[in-house]
Amino acid sequence: MHTGRAPTRAVLTAELGVTRATAGAVAAELETLGLITVDSRPGAASGTQGRPSHRLAVNEDGPVVLAAQVHADGFRAALVGLGGHIVATAPGCGTVAADPAHVLGEVVAAGAQLLRGTGRRCVGAGLAVPSSVAEPEGRALNPLHLAWEAGAPVRELFTRSLAEAGVPGPSGDAPAVGFAANDLNLAALAEHRHGAGRGAQHLLVVGTGHRGVGGALVLDGRLHTGSSGLAMEVGHLTVDPGGRPCHCGSRGCLDVEADPLAFLEAAGREPGPEISLLDQAREMIRTEYPGDPAVRSAVGTLIDRLGLGLAGLVNILNPDRVVLAGLHRLLAEADGDRLRAVVADRSLWGRSGGVPVLPSSLEFNSLVGAAELAWQPMLDDPLGTLGG
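Throughout what follows, the structure given in this document is the object of discussion. (Residues numbered from 1 in each chain as written. Predicted model: local features only at pLDDT ≥ 70, side-chain atom pairs only at ≥ 80, totals over all residues. Heavy atoms only, no water.)

## Quick notes on the packing of helix H9 (residues 293-317) against helix H10 (residues 327-346)
Interhelical geometry of H9 versus H10 gives an angle of 55° and a closest axis separation of 8 Å. Between H9 and H10, the interaxial angle falls into the category oblique. Handedness of the H9/H10 crossing: right-handed. Across the interface between the two elements, Val299, Gly300, Leu302, Ile303, Asp304, Leu306, Gly307, Leu308, Leu310, Ala311, Val314 and Asn315 from H9 touch Leu327, His328, Leu331, Ala334, Asp335, Arg338, Leu339, Val342, Val343 and Arg346 from H10. Looking at side-chain class alone, the contact of H9 with H10 contains 14 nonpolar, 4 polar and 4 charged residues. (Axes fitted to C-alpha atoms, helices over the stretch in contact; angles between N-to-C directions. Helix = DSSP H or I, 4+ residues; strand = E, 2+ residues; numbered from the N terminus. Parallel < 35°, antiparallel > 145°, perpendicular 65-115°, else oblique. Left-handed = near helix turned anticlockwise from the far one by under 90°. Contact = heavy atoms within 4.5 Å. Nonpolar A, V, L, I, M, F, W, Y, C, P; charged D, E, K, R; others polar.)

This is the structure we're talking about:
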């Protein structure tokens, strides 16, 4: 139901591999918990044959999770229901304070206000941050584009903020449990379950938001995070050995050669103080790309750099699909043929197999992915989590 694979009770029966009666009992339990709705009058879809089946849908008034994202230019809080549906959002822009406890307190307060306004039941809370998050400690090891100290205990601070803001967990008797992970990892999880990566067995996601470049790999439905949560730091692939110095100590990494700041520099533009780097780059591509040679040249330059990095990743990982997020999504939409040609020309598997390279399809995929973290305990055990 959560991933859209069971629109009817008949499909649910087939997906679970159980009897019709068992599938009916499962659907009834989920309906009692307020998670789904079951159409009381079964009907057959147009063009189908056989016995009509009860239609199933995610309950639009059901429980939600509080999702939060912190990035270089601010934060955003949201309430997200089953199916990855965003119920409400509350952006907060400006300078991100050097104290992560202060920032997380602000974003949780914004989310708590959304909860009070909707009166919805909260199941949990998830946080996306622009840093590798070490497991199991939940520490942000390299928040390079935030003024936070390396190793900030973001999960602990997030959970504490939830308690201080009075955000309840599913039982209502205790505060919500907080989860935290890297923003691109979460974007990949969301795209795999609800977006352009749905159905892929080996999904590679690469993207850039406000600063830097990140990547993630989803294998058979699960994020590949390595032995301690630190895998897939694709931003530190070198695409120009003589390029810009990178925060990691190398030069010419994707992180500094294919992010919004690199795009503005390639177009000969100064970063504006009024809007974020991402919004400035996005607006330039959308409004000036057709007629401004400097913008068109900058798009081509970043596509070539990105394509070189993607080709290396395709050679190593052999994904069956590549999804691009953030500014990279706009590059793929602007000149996807050029990007795919660069990947194919430099990739063994690209030449032989034609790996699909697609733009992401979710507007707030990191937020939706943060919600996936919080939904997972309920997905694993609905009755135990919701006290049915």
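## Some remarks on the sheet that holds strand S10 (residues 202-208)
Taken in spatial order, the 5 strands make up an open sheet running S12-S11-S10-S13-S14, and their pairing is mixed. Every other strand in the sheet has two partners, leaving strand S12 (222-223) and strand S14 (357-359) as the edge strands with one partner each. Examined bridge by bridge, strand S11 (residues 214-219) and S12 share 2 bridges and lie antiparallel to one another. Within S12, the position partnered with Val218 by the bridge is Leu223. (Pairing = 2+ DSSP bridges.)

## Some details on the pattern of salt bridges
Under the criterion given, the structure shown has 15 salt bridges. We note a salt bridge from Arg160 to Glu156, for which the minimum N-O separation is 2.9 Å. Pair noted here: Arg160 and Glu156 are both in helix H4 (residues 154-164), with a separation of 4 residues, about one helical turn. Across the salt bridge formed by Glu257 and Arg305, the nearest N and O atoms sit 3.4 Å from each other. Taken together, the residues span a long stretch of sequence, with Glu257 in helix H6 (residues 254-257) and Arg305 in helix H9 at a distance of 48 residues. (Salt bridge = Lys/Arg side-chain N within 4 Å of Asp/Glu carboxyl O.)

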